[in-house]
Amino acid sequence: MTPQKKATVVSSSVAAVLTLIKLVIGFASGSVAVLASAIDSVLDMFVSIFNYFAISNSEKPADKTFNYGRGKIEALASVIEGTIITISGLFLLYQAVKKAMSNEVSQLLETSIIVMLISLVITISLVLYLSYIAKKTNSMVIKADALHYKTDVFSNGAVLISLILVSLTGYEIIDVFVGGGIALYIIYSAYELIHDGILVLLDRSVDEEIVSKIKTIIEQNDKVNTYHLLKTREAANQTFVEVHLVFNCLITLMEAHKASDSIEHKIEKLDLNRDWIINIHMDPYDDFKANDIKH
């Protein structure tokens, strides 16, 4: 099992445990903040399970039907996850408004505080683990999961503080405001997931810093006269690079091929965690001057 898959199994299991505990306490106590955290954990569990299947499919090799592999499934999963998070945030906002209007009173505050404290410790540990895997694998799905659980750390901390304040002061409005605040924060955090996922689905180029380094590698090769049609895009942990290299028309095919191989190897060393798919077209002269397109 790959590190990405293990990460989704771990996050799914943790979310399932937290969901069970928070739902019981949330409904028993009547706290909107605890219930908000419980609903968020339910979504965490289903999203993590969905991510497992997304990663399983994205790791399948290219075939006759999917010539470039299924890496974009991760970006699609990120968009879906962000959408689900947004919907959950709207639901939690509704719950907060509902409690404010009905003047409900929270129960089992001491038990709720203990549960949220345990939940906070577990979530922090999970975030550290997911962040490590995301950095190691460069997986968009794991990055999204890590970001999602980071929002949970803040929300769990806010819930814990609100429960303590309600216990000390007796003001239920604190629970309403914290629950509503968490809902708004959840909606805000979902935007980045949806935004990044859509850009990958639209074949956005890789970071300008990496593109600049690729250009430098090409320009430093003394066999290459010029180049054009440099294109890049990402899908899961795969980075695609396409470029036309212009050589002297008198150069041998062997020399041009060696120069292209050298450029490929240097590009691949820019980030060893990426799976580079590089396609170089060799031109004997610059046939691109007629087109006013900047490379």
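Refer to the preceding data block for the structure.
Parameters and conventions
- Residues numbered from 1 in each chain as written.
- Predicted model: local features only at pLDDT ≥ 70, side-chain atom pairs only at ≥ 80, totals over all residues.
- Heavy atoms only, no water.
- Helix = DSSP H or I, 4+ residues; strand = E, 2+ residues; numbered from the N terminus.
- Rg over C-alpha atoms; globule rule 2.2 N^0.38 Å.
- Buried < 20%, exposed > 50% of the residue type's maximum accessible area, 1.4 Å probe, protein only.
- Areas by Shrake-Rupley, 256 points an atom, 1.4 Å probe, with all protein chains shown as cover.
- Expected span 1.5 Å × (residues − 1).
- Arc of directions from axis to C-beta.
- Contact = heavy atoms within 4.5 Å.
- Pairing = 2+ DSSP bridges.
- Right-handed = clockwise from strand over helix to strand, strands pointing away.
- Salt bridge = Lys/Arg side-chain N within 4 Å of Asp/Glu carboxyl O.
- Core = buried A, V, L, I, M, F, W, Y, C linked by side-chain atoms within 4.5 Å.
- Axes fitted to C-alpha atoms, helices over the stretch in contact; angles between N-to-C directions.
- Polar contact = N/O pair within 3.5 Å; in protein donor to acceptor, adjacent residues only side chain to side chain.

Undergrad: How would you summarise the overall build of the protein if you had to cite specific residues and measurements?
TA: A tally of regular secondary structure across the protein gives 8 helices and 3 strands. In sequence order, the protein lays out its α and β elements as α-α-α-α-α-α-α-β-β-α-β. Against the compact-globule benchmark of 19 Å for 295 residues, the protein has a radius of gyration of 25 Å, which places it well outside the compact range. Along the longest, intermediate and shortest principal axes, the C-alpha atoms of the protein span 85 × 40 × 30 Å. Taking all 295 residues of the protein together, 46% fall into the buried category. Carbon and sulfur atoms make up 64% of the accessible area of the protein, which amounts to about 15,400 Å² in all.

Undergrad: Account for helix α4 (residues 109–137), with residues named and values stated.
TA: What sets the pattern is the α-helix's 3.6 residues per turn: residues three or four places apart point alike. With 29 residues, α4 should cover 42 Å at 1.5 Å per step; its first-to-last C-alpha distance of 41 Å lies within 8% of that length. Backbone geometry just downstream of α4 places N138 in the positive-phi region, at approximately 60°.

Undergrad: Mind laying out helix α8 (residues 253–268), listing which residues take part and the relevant values?
TA: With 16 residues, α8 ought to run about 22 Å at 1.5 Å a step, and its terminal C-alpha atoms sit 22 Å apart, in line with that. Within α8, the full set of buried residues consists of A256, A259, S260, I263, E264 and I267. Seen end-on, α8 carries its buried residues on one side only, within an arc spanning 140°. Opposite the buried face of α8, at more than 90 degrees from it, the exposed residues are M254 and K258. Against α7 (208–219), β1 (224–235), β2 (238–247) and β3 (275–283) lie the buried residues of α8.

Undergrad: Kindly report on the pairing of β3, identifying the contributing residues and their values.
TA: With 9 bridges joining them, β2 and β3 adopt parallel strand pairing. Each residue of the ladder has a partner; that of V243, found in β3, is I280. This β-α-β element, β2 to α8 to β3, shows right-handed connectivity.

Undergrad: Tell me about the pattern of salt bridges, and name the residues and values.
TA: Here the structure, examined in full by the defined rule, presents 5 salt bridges. With its nearest N and O atoms 3.8 Å apart, the salt bridge here joins D203 to R233. Remark: R233 occurs in strand β1 and D203 occurs in the loop between α6 (173–201) and α7; sequence separation between them is 30 residues. Relative accessible area serves as the criterion here: at 17%, R233 is assigned to the buried category. For R274, the salt bridge identified is with E234, shortest N-O distance 2.5 Å. Of the two residues, R274 is situated in the loop between α8 and β3 and E234 in strand β1; the sequence distance between them amounts to 40 residues. For E234, a relative accessible area of 17% translates into the label buried. Residues participating in the shared-partner salt-bridge network are K72, D203 and R233.

Undergrad: Give a description of the nonpolar core that names residues and reports values.
TA: In terms of nonpolar packing, the biggest core is built from 22 residues, with V34, M116, V159 and L163 touching the most fellow members. A per-element tally of this core places α6 first, with 7 residues.

Undergrad: Can you tell me about the sheet that holds β3, naming the residues and giving the values?
TA: One open sheet accounts for 3 strands, arranged β1-β2-β3; its pairing is mixed. Every other strand in the sheet has two partners, leaving β1 and β3 as the edge strands with one partner each. Within this sheet the neighbouring strands show an average axis-to-axis angle of 15°, counted without direction. Sheet topology note: the β1/β2 ladder contains 9 bridges and is antiparallel. Bridge pairing in β2 places E234 opposite T239. Along the sheet, α7 makes contact with β1, β2 and β3, crossing β1 at roughly 150°. Lying over the sheet, α8 contacts β1, β2 and β3, oriented at roughly 150° with respect to β3.

Undergrad: Report on the side chain of R274, specifying residues and quantitative values.
TA: For R274, a relative accessible area of 11% translates into the label buried. For R274, the side chain forms a polar contact with the side chain of T239, separated by 2.8 Å. Within the local environment of R274, its side chain forms a polar contact with the side chain of D271, the two groups lying 3.1 Å apart.

Undergrad: Pulling in residues and values, what's your account of unusual backbone geometry?
TA: The phi torsion at D203 lies on the positive side, around 65°, for a residue other than glycine. A residue is classified by how much of its surface remains accessible, and D203, at 35% relative accessible area, is partly exposed. Backbone geometry places L229, a non-glycine residue, at a positive phi of 55°. Checked against the element boundaries, L229 lands in strand β1.

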